[in-house]
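# Structural overview
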Amino acid sequence: MSDQLLEICERVLARVGRDAEAEVTVTVGTDALTRFATSFIHQNVADAVRRVHLRVALDGRVAEAVGNQTDSDGVERLVRSALEAAALRPIDSGWPGLAPSASAPSVEHWDEATARAEPAERAERIGAFVRTAGELETAGFCSTKEETVAFANTLGQRLEGRTTIAILDGIARTATSDGSGHAASVGLSDLDGVDVGTGATRRARESADAGDLDPGRYEVLLSPSCVVNLLGFLAMYGFNGRAVEEGRSFARIGEAQFDESISLADDVAHPMAVGIPFDAEGTPKRRVKLVDGGVTSGLVHDRRTARALGAESTGNAVAGAGPWGALPANLVLEGGSVSREELIAGVGRGLLVTDFWYTRILDPRTQVVTGLTRNGVWLIEDGRIVRPVTNMRFTQSFVEALAPGNVRAVGSDLTLVGGATFGVGAYVVPSLHLASWNFTGGAKG
Amino acid sequence: MFDYAEAAVEAALAAGARYADARVMDRRHEAMGARNGEVEELAQEASIGIGVRALIGSGWGFSSTSDLTTASARKAGAQAAAIARASASVSGPDLELTPVEARQDAWANDVREDPFSVPLAEKGDLLSNATRTMKEHGADVALAGYDAWDTKKWFASSEGHRIDQHIVECGAQMNATVNGESETQRRSYPGIRGQYGTRGWELVRELDLEANAARIAEEARQLLTASECPSIEATDVIIGSEQMALQIHESVGHAVELDRILGWEAAFAGTSWLDLSQIGALRFGSDLMNVTADATLPGALGSFGYDDEGTPAHPVDIVRDGIWVGVLSGRDSAALAGLDESGGAVRGDGYNRLPMVRMTNVGLLPGTSSLEEMIAATDDGILMDTNRSWSIDDKRLNFQFGCEIGWEIKNGKRGRMIKNPTYTGIGPRFWGSLDMLGNESEWTFWGTPNCGKGQPGQIGHTGHPSVPCRFRGVRVGVRG
């Protein structure tokens, strides 16, 4: 397959000719997703993905074009569109040029059976989830995605990669509560509908008939899905070269901005990761330390922000990211040695939170974010879960939440969570016990 | 193009579907962005393909391909049926789609100036000049951009529909960000999401970005030294029409989507606090509150001739005199809810996305007050506008919204500027406190080009007719 894709890349570059710099990415694959709600499959889709992304620079005049046709007419239209647009553009003073030829790490997160998964295999796992929940109503999805990507540019860079990911994600519902279960892996065979359904059902039952709790500051025990949400904001608004360049970021390299138990990196080669080992500009990915023992130690860059800040691209360019800049697709928060039971036992008075919902930033610099809890919240007192609590709204600085002294424990439950906060990549994270979280209102106001 | 759609439908029926429909979609998108006086991005995207739906028993299947040949269309139709058969293995209640007349028709929106025919150089000059002006007037980061879409659709169904539509949309936005010692402030024009409509480039010309660039940059810088929004448990709040569009979108529009009410989005976008058994009786807001979903409004972003199930666009009452009376629906959700007809609110984002319930133009009907009259009638309160942050719970009940700018109101006069204004509330309690409603001269058809919903994710284009409003007893100034 990838040979065919590189051949398309070559045809595109040949049509561009020698008068322009150019880079082209061809992506093909299958994106299949089966949704269920009120305990039946109500939406079930499969998309045969094909996408060609071309960027050209004519003496520093840059333009992009995207198409989904790869026959000669389609290539002709794509190239003409990009070249004509570039010719009319002013010179881009920030144009960093193309990525030089370099090999990418030998990383392939691929499972052949997942790439070929049939709708019946997704339905089978959903059926197991639904049956496991018994009389409880259920909802969620099972997806399989396979993607093969080829990249080429006029500096001779040639790269290819492929990846798969399967996700089973669902809730079970009582009359008064929801409980969720999540699983993600490079392979569909790792996903067990009974297992995920059992967790969701237990959380739904254990959070039923929840009572209100007064807003205020509480310790929190955040599950991996909450931690992914939190890290997404740090990535988008903090460890992002463009945010730093524009003065919008909190990140100050070399300063101990986080608790010493926090070590964070972007690492596509992590054994639990998914994704391909190069970015949208053809820069090979490498492990980028963002926080090392609490000290802010790095940023992610595309070629533009790297040039602006005198750094090197870290291989984190995202196609079409525009003014947002570079983003890590494979954040890994180093796990600790504390089991889930020990994490709960370590909480004096606090809340165990399953998921966050609708988190939105109020101020990028201070990382103050508001959002709500979802799918199960419990009050913990003296190391024991004592009762379920209704959902609450929080307004909390995410940087402050992880500041020195604020992380009480890091869980050993390192988990791949499919679907990062801003839709780029998938993160590997543990649970976190934090000293303080600012809950500013109950679900009823 | 109809031949491909009909080939796909025939193949789905041959593979066992009892109903099938198909859309061929040919779409162009152009987006340009400028930063600090220079055009930084120009992206042009063209996509064409076909998406097919098939119904077997009560199970749906959807398949799409960008390979537009008769053979591929037939293959997609057969695959949609195979997927529908898998759906039927975990099946739901019996389903008979609500009836809709099988029309053969064509529709196009009114466009005075094709956005794709305006020279790129002219469009680039507009954005670079606007951002340069913002920069010169104090912005640390000045951004401006426009988007234009040209969408052609050909829809055919096993019931005999044959409808083609041509929809052109465009709009623009800009914002100025300033960095203080430990904060950032931003002002946007004309709103955080810009302004978009089913119109041509004339919409962008009317916005007159350059004439507003200096003002928003200066306001952003003034915000750095403005007073913080006070924390008050209950005060009067006047909300400008741009923020009201967001308020309507989040706390009314999503809440009345029938798929959410039926629980179809329970695990992701969420459900709704509304219970169908209360339709026609539940008080959603004060008597002043009248909301419609009307896809026939000329130029509004959520307008079309037919939805993606072939249902003709028509106005639907959502809230009448404060009472909840209607929902946003499609043929299957309406049938399962026991409604007589589809609300014509089903659309898909591209050929490769399953059509689903989306907002059309969900908005407030105007009242009788002007903004100045609202200010004059307020002894002690806060005026705020231009959305900055938005968060609402999964039942669309508990919200907290932030605005870019606010002003104190004392004794009927607009006072000092305040920064970081936020307000929070519970939907029906908040809407119940609505006591002044902007008049027709303030009625603006705001367009939201980025409404996310569904899995795989879909971006919807929705419209929100809106006016400034006054609410009583609102909690403001929630702090982090």
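Residues numbered from 1 in each chain as written. Chains lettered and ligands numbered in written order. Predicted model: local features only at pLDDT ≥ 70, side-chain atom pairs only at ≥ 80, totals over all residues. Heavy atoms only, no water.

A word on the overall build of chain B. Looking only at helices and strands, chain B features ten helices and 24 strands. Over its C-alpha trace chain B gives a radius of gyration of 23 Å, about what one expects of a compact globule, namely 23 Å for 480 residues. Counting only C-alpha atoms and orienting by the principal axes, one finds that chain B spans roughly 70 × 55 × 35 Å. Among the 480 residues that make up chain B, the fraction classed as buried is 67%. Within chain B, contacts between residues separated by at least 24 positions form 76% of all contacts whose residues are at least 6 apart in sequence. Total accessible area on chain B is roughly 15,400 Å²; 47% of this is exposed by carbon and sulfur atoms. Charged side chains in chain B number 45 positive and 67 negative. The centres of these two groups are separated by 4 Å. (Helix = DSSP H or I, 4+ residues; strand = E, 2+ residues; numbered from the N terminus. Rg over C-alpha atoms; globule rule 2.2 N^0.38 Å. Buried < 20%, exposed > 50% of the residue type's maximum accessible area, 1.4 Å probe, protein only. Contact = heavy atoms within 4.5 Å. Areas by Shrake-Rupley, 256 points an atom, 1.4 Å probe, with all protein chains shown as cover. Lys, Arg positive; Asp, Glu negative; His and termini not counted. Charge placed at Lys NZ, Arg CZ, Asp CG, Glu CD.)

What follows concerns the packing of aromatic side chains. Under the criterion given, the structure shown has 27 aromatic pairs over all chains. An angle of 90° between the planes, with centres 6.2 Å apart, marks the rings of B:Tyr19 and B:Trp60 as edge-to-face. One end of the pair, B:Tyr19, is in strand β1 (residues 19–35); the other, B:Trp60, is in strand β3 (residues 59–65), with 41 residues separating them in the sequence. With respect to burial, B:Tyr19 and B:Trp60 carry one shared label: buried. Three or more aromatic residues joined by ring pairs form one cluster here, namely A:Phe233, A:Tyr237, A:Trp324, A:Phe356, A:Phe394, A:Phe398 and A:Trp437. (Phe/Tyr/Trp six-rings, centres within 6.5 Å; stacked < 30°, edge-to-face > 60°.)

The next point concerns the pairing of strand β12 (residues 349–363) of chain A. Residues and elements named next belong to chain A. In terms of burial, β12 is a largely internal element, 13 of the 15 residues being buried. Note that strand β7 (residues 216–222) and β12 share four bridges and pair parallel. Residue pairing across strands places leucine 222 opposite valine 353, the latter belonging to β12. Summarising the sheet, β12 and strand β13 (residues 368–381) pair through eleven bridges and their orientation is antiparallel. Bridging across to β13, aspartate 355 finds its partner in arginine 374. Counted between consecutive antiparallel strands, the loop separating β12 from β13 contains four residues, among which glutamine 367 sits at a positive phi close to 60°. (Pairing = 2+ DSSP bridges.)

The next subject is the confidence of the model for chain B. Residue-level pLDDT values for chain B average 97, and 100% of them are 70 or greater. Scored as a whole, the predicted complex attains pTM 0.94, and scored at its interfaces, ipTM 0.92. (pLDDT = per-residue confidence, 0-100.)

Two packed helices can be described by the angle between their axes and the distance between those axes. Residues and elements named next belong to chain A. In the contact formed by helix α4 (residues 119–132) and helix α5 (residues 193–206), the axes pass within 8 Å of each other and the chain directions differ by 35°. With respect to the hand of their crossing, α4 and α5 are arranged in right-handed fashion. Residue-level inspection shows Arg125, Ala128, Phe129 and Thr132 of α4 in contact with α5, the latter providing Gly193, Val194, Val196, Gly197, Thr198, Ala200 and Thr201. In the contact of α4 with α5, the residues fall into five nonpolar, five polar and one charged. (Axes fitted to C-alpha atoms, helices over the stretch in contact; angles between N-to-C directions. Left-handed = near helix turned anticlockwise from the far one by under 90°. Nonpolar A, V, L, I, M, F, W, Y, C, P; charged D, E, K, R; others polar.)

Contacts between the two partners involve 76 residues from chain B and, on the opposite side, 72 residues from chain A. Counting the surface lost from both chain B and chain A, the interface buries some 6,100 Å², and carbon and sulfur atoms represent 48% of this. Looking at the side of chain B that touches chain A element by element, the count peaks at eleven residues for strand β2 (residues 38–56) of chain B. A breakdown of the residues in the side of chain B that touches chain A according to their chemical character gives 30 nonpolar, 28 polar and 18 charged. Of the pairings in the sheet, the one linking strand β3 (residues 61–67) of chain A to β2(B) comprises three bridges and is parallel in character. (Buried area = accessible area lost by both parts, 1.4 Å probe.)

Residue and element names in this part refer to chain A. Between its first and last C-alpha, helix α2 (residues 72–87) extends 22 Å over 16 residues, near the 22 Å set by a 1.5 Å rise per residue. All of the buried residues along α2 are Gly74, Val75, Leu78, Val79, Ala82, Leu83, Ala85 and Ala86. Seen end-on, α2 carries its buried residues on one side only, within an arc spanning 165°. (Expected span 1.5 Å × (residues − 1). Arc of directions from axis to C-beta.)

Before going further, it helps to examine the environment of A:Gly127. In this structure, A:Gly127 sits in helix α4. For the pair A:Gly127 and A:Ser39, spaced 88 residues apart in the sequence, the C-alpha separation amounts to 8.7 Å.

The next point concerns unusual backbone geometry. Between B:Tyr189 and the following residue, B:Pro190, the backbone shows a cis peptide bond with an omega angle of -5°. Of note, B:Pro190 is situated in the loop between β7 (184–189) and β8 (195–197). Look at the link from B:Gln455 to B:Pro456: it is a cis peptide, with omega at -5°. One can find B:Pro456 in the loop between β22 (444–453) and β23 (458–466). Although it is not a glycine, A:Asn375 sits at a positive phi angle of roughly 65°. Mapped onto the fold, A:Asn375 is located in strand β13.

Inspection of the secondary structure puts B:Pro449 in strand β22. Residues within four places of B:Pro449 in sequence aside, it is in contact with B:Trp149, B:Arg193, B:Tyr196, B:Leu301, B:Ile459, B:Gly460 and B:His461.

As a further point, take α4(A). With 14 residues, α4(A) should reach 20 Å at 1.5 Å per residue; the first-to-last C-alpha distance of 20 Å fits that figure. Of all the residues in α4(A), the buried ones are A:Pro119, A:Arg122, A:Ala123, A:Arg125, A:Ile126, A:Gly127, A:Ala128, A:Phe129 and A:Val130. In this structure, the buried side of α4(A) is in contact with β1 (21–37), β2 (40–58), β4 (137–153), β5 (158–173) and α5 of chain A together with α2 (70–87) of chain B. The positive-phi residue at the C-terminal boundary of α4(A) is A:Gly134, with phi of around 60°.

The next thing to look at is the pattern of salt bridges. Residues and elements named next belong to chain B. According to the stated counting rule, one finds 63 salt bridges over all chains in the structure shown. Salt-bridge contacts for arginine 18 lead to glutamate 96; the nearest nitrogen and oxygen are separated by 3.5 Å. Here the residue arginine 18 occupies a position in the loop between α1 (2–14) and β1, and glutamate 96 occupies one in the loop between α2 and β4 (104–108), the gap between them amounting to 78 residues. The class for glutamate 96 is exposed, based on a relative accessible area of 61%. (Salt bridge = Lys/Arg side-chain N within 4 Å of Asp/Glu carboxyl O.)

Glancing now at the nonpolar core. Counting 55 residues, the largest nonpolar core has A:Val24, A:Leu54, B:Met134 and B:Met174 as the members making the most contacts within it. Filtering out sequence-adjacent residues up to four positions away, A:Val24 remains in contact with A:Cys9, A:Val12, A:Leu13, A:Val52, A:His53, A:Leu54, A:Ala150, A:Phe151 and A:Ala152. (Core = buried A, V, L, I, M, F, W, Y, C linked by side-chain atoms within 4.5 Å.)

All names here are of chain B. It is the contact of helix α3 (residues 120–136) with helix α5 (residues 209–225), at a shortest axis distance of 8 Å, that shows an interaxial angle of 25°. One way to sum up the angle between α3 and α5 is to call them roughly parallel. Crossing angle aside, the handedness with which α3 passes α5 is right-handed. Where α3 approaches α5, its residues Leu126, Leu127, Asn129, Ala130, Thr133 and Met134 are matched on the opposing element by Leu209, Glu210, Ala213, Ala214, Ile216 and Ala217. Across the contact of α3 with α5, the residue classes break down as nine nonpolar, two polar and one charged. (Parallel < 35°, antiparallel > 145°, perpendicular 65-115°, else oblique.)

In this section: the sheet that holds strand β13 (residues 323–324) of chain B. Residue and element names in this part refer to chain B. Pairing is antiparallel across the open sheet formed by four strands, whose spatial order is β13-β12-β11-β16. Looking at the sheet topology across the chains shown, the edges are occupied by β13 and β16 (362–364). Of the strands in this sheet, β11 (291–294), β12 (315–320) and β16 are in contact with helix α6 (residues 241–253), which crosses β16 at around 120°.

A word on the environment of A:Gln157. Residue and element names in this part refer to chain A. If you trace the backbone, glutamine 157 turns up in the loop between β4 and β5. Taking the relative accessible area as the measure of exposure, glutamine 157 reaches 1% and is therefore buried. Through-space distance from the C-alpha of glutamine 157 to that of serine 101 is 4.2 Å; in sequence the pair is 56 residues apart. When near neighbours in sequence (up to four residues on either side) are disregarded, glutamine 157 contacts Ala99, Pro100, Ser101, Ala102, Phe151, Ala152, Gly282 and Pro284. At 2.9 Å, the side chain of glutamine 157 and the backbone nitrogen of alanine 102 are in polar contact. (Polar contact = N/O pair within 3.5 Å; in protein donor to acceptor, adjacent residues only side chain to side chain.)

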